[in-house]
Amino acid sequence: MGRIARMAGGTVASAVDALAARARRAGRGTTGNDPGGGRWQVVTVDRTPDEVRPDGRWPEPLRRLGDAVQVRVRPAPGCRGTELAARPRPGRVPPGLAAHLVGDDPGAPVRAALRQAKQLAETGEVLRADRPAMDRAGPPG
Amino acid sequence: MRALCWVGADTLEVRQVPDPELRNGHDAVVRVRRSATCGGDLPLLAGRVPDLSVGDVLGHEFLGEVVEVGPEVRGHRVGDRVVVCAGVACGACWYCRRDLPACCDNGSLDPEAAETAWGHPVGGSFGRPRASGGFAGSHAEYVRVPYADVGAFTVPEAVGDDRALFASDAAPAGWMGADLGGVRPGDVVAVWGAGAVGQLTARAATLLGAERVIVVDRYPDRLRMAERHAGAETIDYRHVDVPAELRERTGGRGPDVCVEAVGVGCDGGSPRSLADRFTGRAERPTAVREAVHACRKGGTVFVLGEFTGFVDAFPLGAVTAKGLTVRGARQHGQRYIPMLLERMASGELRTEHLATHELPLEQGARGYALFRDRADGCVRSVLVP
Ligand SMILES: NC(=O)c1ccc[n+]([C@@H]2O[C@H](COP(=O)([O-])OP(=O)(O)OC[C@H]3O[C@@H](n4cnc5c(N)ncnc54)[C@H](O)[C@@H]3O)[C@@H](O)[C@H]2O)c1
Ligand SMILES: [Zn+2]
Ligand SMILES: [Zn+2]
């Protein structure tokens, strides 16, 4: 009897473990073959959730993607700031971007927007590359 | 403006390129007074790094004068004489706030390239390929310095250009190797490589209290310098079995801390055979292997040398069997530079002897040839635009 209970207990425990592990995996953004929208792209921002979402609105680089993406935040463990996650909604194209441009890698504009949102929250601006010579007026030097 | 551009394997050319502009509020533009060659440039020069483009400006160790500042810059004004950390970091991310600026999340224009190469974005650097930041190099009349309050440091009046220049890269790299290698009073420290980085590692180890410092290289002039300026003992690896010699000199224990300051320059690692090149087998990091082998049990091997990707035949078994700590980093300069400038001002840290060759920017190609071939006792060529 005791032995069966132990076994049953063991089975329940491992089922719970498996569920918990699945929840943890999902929480980490590893959705595997989740048909709902694919893998979450995540950055950790070294600021509180309130600082990441001033006025309760998503930071501008993400707002620009409109409802083509799903967005969420949660505090990172151990005072590491805020985990800011986004993923494209299937079949939706962010406004202003041609479908054929994002078709290959719908995650790319999402990753770029997340990085920009993080940089804005942490440093106040987004790094800009030097302008290519062709774009500049007048002779060089 | 004029700038020294990479135009192909082993070929550099001074060209006219557009002046840099302020692009961010935290930017400054610096007029370059001194810009040095570095062992890390040699694989770039040789064309062994894939994403360098024709026309890219090399150089990342420099000193100059602020000529323009963005509206967000608080700590610098036009006219300041500054030495600029070779690494670009934001000062505000989790890594920067924990004194690991070389790991900065926001220091690169092309974080995706670094992610592909290393698994994560890392801090940026001047004068390197895109995966290392994408910022134009310092062998030029002017440089754009992003996050100027974080990466540019006003040089105390007492410190001359040729001394302060080394606070940009070689001195913080060497200091970090000794510091994060865990050098403590009484330690025996061995350093592979007697370039500017190795010599300044040796000097840092002495200042941190090491009882004996042993520098390994093959160039007698560099070894003499390490003896004279860093108070180190030396080993010429051409004539001596290095691990056996180290064992004998350390009572059979091996050095407590081993720092590798070699990398894959023209003479770093063992040359790749034709067969290796044909089969694509990676380089062998000879000095790292020797360091792992020689290091005492429970000791630390710190890798400062830069490797472009993979290495072959790494003695992993010895790491576990001997309980070693193996650590590496690109220099976290922002954390050390103010202290290094103070030591330079007090005369405790002298570096001008490393600036063996001073040349006008126009002769940059010659400066690199001297440095690459270790000709005429060259340890660093310093270019003056
Ligand atoms: N981690 C960092 O932040 C950082 C900063 C600056 C430079 N570096 C790297 O440090 C390394 C050294 O820089 P440097 O400017 O002094 O270079 P350098 O090219 O002037 O000197 C390298 C020295 O290593 C010696 N060497 C080659 N093979 C050796 C061996 N098997 N054993 C002992 N010595 C050997 C060479 O003879 C040479 O004197 C380079 O890889 C460079 O990229 C790293
Ligand atoms: Zn350097
Ligand atoms: Zn940072």
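The structure reproduced in this document is the subject of the present report. (Residues numbered from 1 in each chain as written. Chains lettered and ligands numbered in written order. Predicted model: local features only at pLDDT ≥ 70, side-chain atom pairs only at ≥ 80, totals over all residues. Heavy atoms only, no water.)

A separate point is the pairing of strand β4 (residues 61-69) of chain B. All names here are of chain B. In this structure, strand β3 (residues 28-36) lies alongside β4, joined through eight bridges in antiparallel fashion. Each bridged residue has a counterpart across the sheet, and for R31 the counterpart in β4 is E65. The pairing of β4 with strand β5 (residues 81-84) spans four bridges and is antiparallel. Bridge pairing in β5 links E65 to R81. (Pairing = 2+ DSSP bridges. Helix = DSSP H or I, 4+ residues; strand = E, 2+ residues; numbered from the N terminus.)

Next up on the list: the packing of aromatic side chains. Residues and elements named next belong to chain B. Following the criterion strictly, the structure yields three aromatic pairs over all chains and no others. With 5.1 Å between their ring centres and 80° between their planes, W94 and Y95 make a pair best called edge-to-face. Take W94: its relative accessible area is 21%, and that puts it in the partly exposed class. Their ring planes at 50° and their centres at 6.3 Å tell us that F126 and F135 sit as a pair that is tilted. The exposure classification of F126 matches that of F135, with both residues buried. Site record: aromatic cluster; members linked through ring pairs are F62, F126 and F135. (Phe/Tyr/Trp six-rings, centres within 6.5 Å; stacked < 30°, edge-to-face > 60°. Buried < 20%, exposed > 50% of the residue type's maximum accessible area, 1.4 Å probe, protein only.)

In this section: the coordination of the zinc ion (ligand 2). Residues and elements named next belong to chain B. Taken together, C38 (SG), H60 (NE2), E61 (OE) and D169 (OD) make up the full set of protein donors to the zinc ion (ligand 2), lying 1.9 to 2.3 Å away. One way to put it: the four donor atoms around the zinc ion (ligand 2) meet at angles of 95 to 140°, and that makes the site irregular. Spacing between the donor residues of the zinc ion (ligand 2) along their common chain follows C-x21-H-E-x107-D. Residue C38 is found in the loop between β3 and α1 (42-45), and its partner E61 is found in strand β4; the two are separated by 23 residues along the sequence. Classification of E61 by relative accessible area gives buried; the value is 1%. (Donors = N, O, S within 2.8 Å, 3.2 Å for Na, K, Ca; no water. Tetrahedral: all angles 85-135°; square planar, octahedral: opposite > 155°, others 65-115°.)

Contacts between the two partners involve 28 residues from chain B, matched on the other side by 21 residues from chain A. For the chain B face of the interface with chain A, the top three residues by lost area are B:R23, B:W94 and B:N106, together amounting to 25%. Of the charged contacts in the structure, one is a salt bridge between B:E21 and A:R131, with a shortest N-O distance of 2.6 Å. Along the contact surface separating chain B from chain A lie 18 residue pairs in polar contact (both at pLDDT 80 or more). (Contact = heavy atoms within 4.5 Å. Buried area = accessible area lost by both parts, 1.4 Å probe. Salt bridge = Lys/Arg side-chain N within 4 Å of Asp/Glu carboxyl O. Polar contact = N/O pair within 3.5 Å; in protein donor to acceptor, adjacent residues only side chain to side chain.)

All names here are of chain B. As defined by bridge partners, strand β11 (residues 212-217) adjoins strand β12 (residues 233-236) across four bridges and the pair is classed as parallel. Within the sheet, the bridge partner assigned to V215 lies in β12 and is T234. In this fold, the crossover linking β11 to β12 by way of helix α8 (residues 220-230) has right-handed handedness. (Right-handed = clockwise from strand over helix to strand, strands pointing away.)

A few words on unusual backbone geometry. Residue and element names in this part refer to chain A. We note that C79 has phi near 55°; this positive angle belongs to a residue other than glycine. Looking at where C79 falls in the secondary structure, it is placed in the loop between β2 (69-75) and β3 (82-88). For C79, a relative accessible area of 70% corresponds to the exposed category.

Okay, the site of ligand 1 next. All names here are of chain B. Around ligand 1 there are 30 residues in total, and D217, R222, Q331, R374 and R380 lie nearest to it. Backbone polar atom of G193 to a nitrogen atom of ligand 1: 3.4 Å apart, as the coordinates give it. In the complex, the protein chains occlude 97% of the 860 Å² of accessible area that ligand 1 would expose alone. Sorting the residues of the shell around ligand 1 by element identifies α7 (196-207) and β11 as the ones contributing at least two each. (Near = heavy atom within 4 Å. Areas by Shrake-Rupley, 256 points an atom, 1.4 Å probe, with all protein chains shown as cover.)

Under the defined criterion, the tally for this structure stands at 36 salt bridges over all chains. Between B:R97 and A:D46 there is a salt bridge, and its shortest N-O distance comes to 3.0 Å. Of the two residues, B:R97 sits in helix α2 (residues 94-97) while A:D46 sits in the loop between β1 (41-45) and α2 (49-52), which places them in two different chains. The class for A:D46 is buried, based on a relative accessible area of 6%. Taken together, the salt bridges that share partners define one network made up of B:R31, B:R33, B:E65, B:R81 and B:D161.

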